[in-house]
Structure formats: structure tokens, C-alpha cells
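For reference, the chains in residue letters:
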Amino acid sequence: MSGFNAFEKSIDFSLVRELCCNEGTLTRYRKGEHFATAGEIIKRVAWIKTGSFRHSLIDHDGTGKSVGFVFAGSMLANYISAVMKRPLPTSITAIEDSEVYEVAVSRFRELLFNDPTFSLTLAQGLFAQAYEIILDRYRNTPRQNYELLLSRCPKLFELVPLNEIASYLNISRRQLHRWRNCQE
């Protein structure tokens, strides 16, 4: 389900896909295995051949929160860590058994620095998506955000456990069950 993230729809990732698939190593991740852990600086960037991953963090109360998802046919990375060499704010974990083509993050940086148009387009796309997410948290009710997610990604509920989706929407699993039952 590539294109889950809005920025993916406006960017041509063929250079990243070619880099990872042509130069990368095919690596398998089992469900629950980390691609990268919060606090470390990311060491590799990947193209997801099969499977899916989640970005998660631990909040101030010690509760795990899903903050994003990435699916087959998408790039797997964290821009801040990969480009700015800063520690990851989230852990990146396989939701299901997955296969990715991995390359060293240095190769991804070379690609960005050698193609300033792609670099700028990627940064702008990420910024625009982040801003829209912030605005949606203010302008929409949690129910409206759920309905937007459902209309945008109806297959999400087949791929991602409900507790992960509830966490992503920042609602309880119980509330998500209620809304799901009202639609059936």
C-alpha cells in the first residue's frame, strides 16, 4: 500500500528504489523486529519489497504510541536521522514478516546531495505532510480523523492491528471498536 503517506504521492522515488534494489542487500525482518531503534542514528535506508513497518515512540507516561506506517513499495528511513545525522525520535519495527533492500545511509545522502531538486522536493513534501497532520489534529475531531484515514486507506484495517491504528489516531482501542461496529 505505497502512498499511505501523503508526501509519497507527490515525489518520484524511482531513484531511491533503483539505488536500494540495484545496490542494496535483501534483508528479512520478522514481525516485531527493529529496523532501527529510537535514540540511535540510522545506519541504512531501505526500499520495502514486501511487508510493512511502523514508527513508534514511548510517551512521557511510558506508553508506546504508533506515529506512522510504511508499506511495500515505499522507502523506509527517517529523514532527520538519515540526512541531519540526529538520533532517531522513533523506533522502526516490522508489523509483519517483511523484506527490504537496504543500502548504507551514506549512499542515500550521496543521492540527495547529487540531486538538489530531489532533495528539496523530499524536504518540502515531508514538511507539508507534517504540517497537515498538525492542522488535522486541531481542525478535525478524532472521529473525523478516523473517517479520513478509512477513506484514504481502507485496506489499512486488513494490514495493521487495531491497537496500532487506535494508537496512531490517539484514541482508545475500545473507541475504535465502537466506530468500526457502527459502520458494519
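Our structure is the block above this text.
Please read all numbers here as calculations on a predicted model, not as lab measurements. (Residues numbered from 1 in each chain as written. Predicted model: local features only at pLDDT ≥ 70, side-chain atom pairs only at ≥ 80, totals over all residues. Heavy atoms only, no water.)

A. Examining the pairing of strand 5 (residues 64-71) more closely. Sheet topology places strand 4 (residues 52-58) next to strand 5; seven bridges connect them, and they run antiparallel. Across the sheet, S52 pairs through a bridge with F71, a residue of strand 5. (Pairing = 2+ DSSP bridges. Helix = DSSP H or I, 4+ residues; strand = E, 2+ residues; numbered from the N terminus.)

B. Structural detail: the sheet that holds strand 4. Reading across from one edge, 2-7-4-5 is the order of the four strands in this open sheet, with antiparallel pairing throughout. The outermost strands of the open sheet, each flanked by one partner alone, are strand 2 (34-36) and strand 5. Recorded for the sheet is a direction-independent mean angle of 30° between the axes of neighbouring strands. Inspection of the sheet shows strand 2 paired to strand 7 (residues 91-94) by two bridges, in the antiparallel sense. (Axes fitted to C-alpha atoms, helices over the stretch in contact; angles between N-to-C directions.)

C. Highlighting the packing of helix 4 (residues 105-114) against helix 5 (residues 116-139). Between helix 4 and helix 5, the least distance of the axes is 5 Å, while the angle of their chain directions is 105°. As summarised for this structure, helix 4 and helix 5 are arranged roughly perpendicular, according to the angle between their axes. Seen from helix 4, the contacting residues are F108, L111, L112, F113 and N114; seen from helix 5, they are P116, F118, S119 and L122. Here the contact of helix 4 with helix 5 is composed, by residue class, of seven nonpolar, two polar and no charged. (Parallel < 35°, antiparallel > 145°, perpendicular 65-115°, else oblique. Contact = heavy atoms within 4.5 Å. Nonpolar A, V, L, I, M, F, W, Y, C, P; charged D, E, K, R; others polar.)

D. Inspection of helix 8 (residues 162-169) at higher detail. Across the eight residues of helix 8, six count as buried, placing the element largely inside the fold. Among the residues making up helix 8, those that are buried are E164, I165, A166, S167, Y168 and L169. Backbone geometry just downstream of helix 8 places N170 in the positive-phi region, at approximately 60°. (Buried < 20%, exposed > 50% of the residue type's maximum accessible area, 1.4 Å probe, protein only.)

E. Molecular detail of the environment of L26. As for its placement among the helices and strands, L26 is situated in strand 1 (residues 25-29). A C-alpha to C-alpha distance of 9.2 Å links L26 and A46, two positions 20 residues apart in sequence. Aside from chain neighbours lying at most four places away, what touches L26 is K49, E99, V100 and Y101.

F. Structural view of the pattern of salt bridges. In the structure shown here, the tally under the stated rule is ten salt bridges. Measuring nitrogen to oxygen at the nearest pair gives 2.8 Å for the salt bridge that ties R107 to E23. Remark: E23 occurs in helix 2 (residues 14-23) and R107 occurs in helix 4; sequence separation between them is 84 residues. Looking at E23, the relative accessible area reads 46%, which means it is partly exposed. Between E110 and R107 there is a salt bridge; the shortest N-O distance is 2.5 Å. With a gap of three residues between them, E110 and R107 both fall in helix 4, about one helical turn apart. Taken together, the shared-partner salt bridges in this structure form one network comprising E23, R107 and E110. (Salt bridge = Lys/Arg side-chain N within 4 Å of Asp/Glu carboxyl O.)

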